[in-house]
Each structure stands twice: as structure tokens, then as C-alpha cells.
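Residue strings, one per chain:
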Amino acid sequence: MDLFEYMRENTMKNESPLASRLRPETLDEVVGQQHIIGKDKLLYRAIMADKLSSIIFYGPPGTGKTTLAKVIAHTTSAEFMQINATVAGKKDMEDVVKKAKDNRGMYGRKTILFVDEIHRFNKGQQDYLLPFVEDGTIILIGATTENPYFEVNGALLSRSIIFELKPLEKSDIKIILKRAVYDKEKGMGSLNADIDEETLDFLADISNGDARNALNAIELGVLTTKPSEDGKIHINLEIAQQCIQRRTLKYDKDGDNHYDTISAFIKSMRGSDPDAAVYYLARMLHAGEDIKFIARRIMICASEDVGNADPQALVVAVNACLAIERLGMPEARIVLSQAATYVACAPKSNAAYLAIDRALGVVEHEPSYGIPPHLQDAHYKNAGKLGHGEGYKYAHDYPNHYVKQQYLPTELMNTAFYEPTDNGYEKIIKEHLYTIKSEA
């Protein structure tokens, strides 16, 4: 390293954004992601032992993918090289491969290549790396916000271990923010700033698990706020709201307003008012509500309040829940809106909900009645000698694939638990049941 390069690196280190300066250099400094870097976990052991194989970090922005790569860079004895897939071309990869071959042949040294935004590489670029990953010339570390099973070459995936990073918890964000404000070496402690607990809670909530988002806001706040009479820069809720361009709503995720809002959201979907449903959805999203919590409530409503009047509602709701986990915010808002409006507009029936509660009531409060012998399993040892299965009529052998026979215990004969309504698809179900029974 020459003098100019040394000066350039020091200038970048001092003038780079807070999120970059605050990046941990050791595993013990990393906050969150204990499901993959806890001391008993595979990744922790592999990094500490310097025995990494190719890996791919997958997760939303600001969760620590690049941070973990930098930690590996400070921990490993291997040559660490980095490229960004958004700007790197074939020449860059050829240079990396040449250097890796030299390291291996001349010095017996491994080379780790960190490819940020690896999903931006096209198939040809990914294919180019494959043989060098396969023969060990390069140990690949890829980072992506997209689902690697869709965006990364299957051959590369088969040679890599995938680690999914989760959005950081509120408590994790607060730890990082305190480091940012009070750490004099890497943070802004030398500026004599202070932040109150209410503001920490707000920023930790509103950042939705994205540490970079929270750090950018706190850096802007400290750098643009004048010291008070006591000589300190006080970061309060008003300043934080301005910096992150979001205002806090009267919404405590552990308080009454939380339950009032989710109640209004569910009742609006049940009441077939998509406009109200979207409004309350927006309030929850703006206040930083957990998107997985919202998705679960939509799934419940799709089954409890729509049911078989439109069986597709549950399909939409479940797929929305899966989609938001892969997308994260802000795109998840669109998926949640689609699911909420679909459920709100769907025909309604709570017949399935009432059916299971009626059945549970009987099971809980009445004796355990015997199952009719012809319905009992005839396959286990000596079952036939006991008359199990004897006289059972196979429905598919009869017209309309239906035959009249006893299914409920004798004591519950003619009990109706499920009573289809005349709404939506359930009307078809009701007519179908009437038709097959009347023709039998």
C-alpha cells in the first residue's frame, strides 16, 4: 500500500456514512442474527476456525449481510476480495480469478470473494464463477436481498450454504443506535449527543428491522441539530420524526390502540368495506406494526369470515403471508393490500367456523361415542375378526360418488354441524349436497 492509498483509506474511514463506520469487525460486536452466529451455530464455528466453504447471505436490507462479510474479512487468513454485481463486469471477475490462482499456486493461500447483490449477475456471469468455486480456487460469499432459489444459479446454490438473515429486533436496533450516539471511537460520541428512550423506541419501531435506515436518521439528526444550553445535542422525538420523514401515530404496539386498530381492520374486512380495511392497514404499517402479525390476521379472517363462500380467499391470504416474508417492506405493503381487499370484497360465511365450534362443544361436553364399526380401520391385526370395516360402502362405486350410510356415531345421528349458507361458492356446495343426497 502506497502513501496515497493509505491516505485515501483513512479519509474514507473518517468521512464514510455512520452505518459504514459503525460496522463490527469481530463476531462479538455483531448485534442480532443469533440464529446463525450464536456461539453454538455452524457459521460462528466456521468463521472462528477459518474453515469457511462458499456461502450466500439472504435477507432484507440493513440486516447485516455486508457486515458479516466484513467480519469474515477481518477474521480470515485468506485473501479477501470484494466486488459489487451492480457494476462489476467480466474483466473484474477475470482479475479476481487470476489473483486467486496466484494466491493458491504461489503462496498456498485461499481467496474469499465477496459478491454483493449477487442476484444482479446474469446467468453467464454466474456460470463463469462456477468452475472456480467448484475446484476451490475461490470461496464465494454472496449477498442478496432476493430469494436465492429464484435468482442464483442452481449449480452455485448446490455448492453453497444459504444463511437467511432476519429483520433485526427492536432491542437490537436500540443497541446499535446507542453505539452510534455514545461510541467515541466509531460513533458520534465526541459530538456530545444524547437521545431519550422515547426517541429510541420510535426509531427502533419505524426502521422495520433495518439498522441502516435507523443509523442514517440518527446521523442526520446529530449533524443538523445545534447544541442546547447545556452543551449537549439532544435528539428528541420531533427531531427523529423530521429526520426519518415519518410522524409517530397514537399507536402503542403493546397498548389499547394496537388492539383497537387491529380490531377495526378485521371488522372492516368482515363487513366488506375494502376502503376502511386499507385505511387501518395503512395506519398499522405507518406505525411500524409487524407485517407478519398483520398477515396472520388476514389469514384468520379469510377462514373465519369468508370460509367456503370463497375458498380462494384463504389461498390468497396464505400466499400473501409467504410473499411478505420474502419481500419485506416496502413491497410487502402491496401484497398486504391485495390480500386485505380481496378478503374484504369476498362473499362471507362463518359456517365452517361455527361448525368446528359446535363439534368441539359436543366433544368437550358429551361422552366419547363409539365410531360405527363399518368406518373403523380393517387393516391392523385381527381387526377383521372384530368386524371392523365390515359393510363399509366405497363412495366412488356409486352414482355421483355418493352413497347413503351412517358416518356419525349413533347417538349423534342427524346432528348438523356444518350448515352451508347461500353466499358465494357455499351456495354451490349446499346445492351439491342436496342433489347427491336426494338422488341417492
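Presented here is an overview of the structure given in this document. The structure displayed is predicted, hence computed values, not measured ones. (Residues numbered from 1 in each chain as written. Predicted model: local features only at pLDDT ≥ 70, side-chain atom pairs only at ≥ 80, totals over all residues. Heavy atoms only, no water.)

Here the structure, examined in full by the defined rule, presents 18 salt bridges. Between Asp102 and Lys98 there is a salt bridge, with its nearest N and O atoms 3.4 Å apart. Of the two residues, Asp102 and Lys98 are both situated in helix 6 (residues 90–107); the distance of 4 residues between them amounts to about one turn of the helix. Residue classification places Asp102 among the partly exposed positions, given a relative accessible area of 27%. (Salt bridge = Lys/Arg side-chain N within 4 Å of Asp/Glu carboxyl O. Helix = DSSP H or I, 4+ residues; strand = E, 2+ residues; numbered from the N terminus. Buried < 20%, exposed > 50% of the residue type's maximum accessible area, 1.4 Å probe, protein only.)

The next subject is the pairing of strand 1 (residues 55–58). Consecutive side chains along a regular strand alternate between the two faces of the sheet. Of the two faces of strand 1, the one lined by Ile55 and Phe57 and the one lined by Ile56 and Tyr58 are each fully buried. Note that strand 1 and strand 4 (residues 139–144) share 4 bridges and pair parallel. Counterpart to Phe57 in the pairing with strand 4 is Ala143. Bridge count between strand 1 and strand 5 (residues 161–164): 4 bridges; the pairing is parallel. Across the sheet, residue Phe57 finds its bridge partner in strand 5, namely Phe163. (Pairing = 2+ DSSP bridges.)

Along helix 5 (residues 65–75), the positions that sit buried rather than exposed are Lys65, Thr66, Thr67, Leu68, Ala69, Val71 and Ile72. Packed against the buried residues of helix 5 are helix 3 (34–37), helix 4 (42–48), strand 1, strand 2 (79–84), strand 3 (111–116) and strand 4. (Contact = heavy atoms within 4.5 Å.)

This part is about the nonpolar core. Leu177, Leu203, Leu215 and Ile218 are the most contacted members of the largest nonpolar core, which totals 31 residues. Looking at this core, the elements that each hand over two or more residues are helix 2 (18–21), helix 10 (170–182), strand 6 (193–195), helix 11 (197–206), helix 12 (211–224), strand 7 (233–235) and helix 13 (237–244). If one sorts the elements of this core by residue count, helix 12 sits on top with 6 residues. Sequence-distant contacts of Leu203, defined by excluding residues within four places in its chain, comprise Leu177, Ile195, Ala214, Ala217, Ile218, Ala240 and Ile244. Counting residues in each nonpolar core, the second largest holds 30 residues, with Ile294, Ala313, Ala317 and Val335 among its members. (Core = buried A, V, L, I, M, F, W, Y, C linked by side-chain atoms within 4.5 Å.)

Time to look at the layout of surface pockets. Its volume calculated, the second largest pocket comes out at about 1000 Å³. Looking at the second largest pocket, it is lined by 39 residues, and the ones nearest its centre are Pro167, Asn208, Gly209, Ile291 and Met329. Classifying every residue of the lining of the second largest pocket by side-chain character gives 16 nonpolar, 9 polar and 14 charged. (1 Å grid on protein atoms, 1.4 Å probe; cavity = no way out; pocket = protein on both sides within 12 Å on 5 of 7 lines; lining within 4 Å. Points joined across faces, edges and corners; volume = space filled by probe spheres on them. Nonpolar A, V, L, I, M, F, W, Y, C, P; charged D, E, K, R; others polar.)

To continue, consider the environment of Val133. In this structure, Val133 sits in helix 7 (residues 123–134). The class for Val133 is buried, based on a relative accessible area of 9%. Contacts of Val133, omitting those with residues within four sequence positions, involve Ser54, Ile138, Leu140, Leu156 and Arg159.

Turning our eyes to something else, we now look at empty space enclosed by the protein. Applying the stated criterion to the full structure yields 2 cavities of 30 Å³ or more. Of the volumes computed, that of the largest cavity is approximately 50 Å³. Tyr58, Gly59, Pro60, Thr145, Glu164, Leu165, Glu325, Arg326, Leu327 and Gly328 are the residues that line the largest cavity. Looking at the lining of the largest cavity element by element, the count peaks at 3 residues for helix 17 (residues 312–327). The residue inventory of the lining of the largest cavity, partitioned by class, reads 4 nonpolar, 3 polar and 3 charged. The calculated volume of the second largest cavity comes to roughly 30 Å³. Surrounding the second largest cavity, Asp50, Leu52, Thr76, Ala78, Lys110, Ile112 and Ile139 form its lining. A per-class count over the lining of the second largest cavity returns 4 nonpolar, 1 polar and 2 charged.

This part is about the environment of Gly424. Mapping Gly424 onto the fold places it in helix 20 (residues 424–439). Look at Gly424 and you get partly exposed, because its relative accessible area is 38%. Taking the C-alpha atoms as reference points, Gly424 and Glu134, separated by 290 residues in sequence, lie 56 Å from one another. Once residues within four sequence positions are removed from consideration, Gly424 is found in contact with Ala309 and Pro347.

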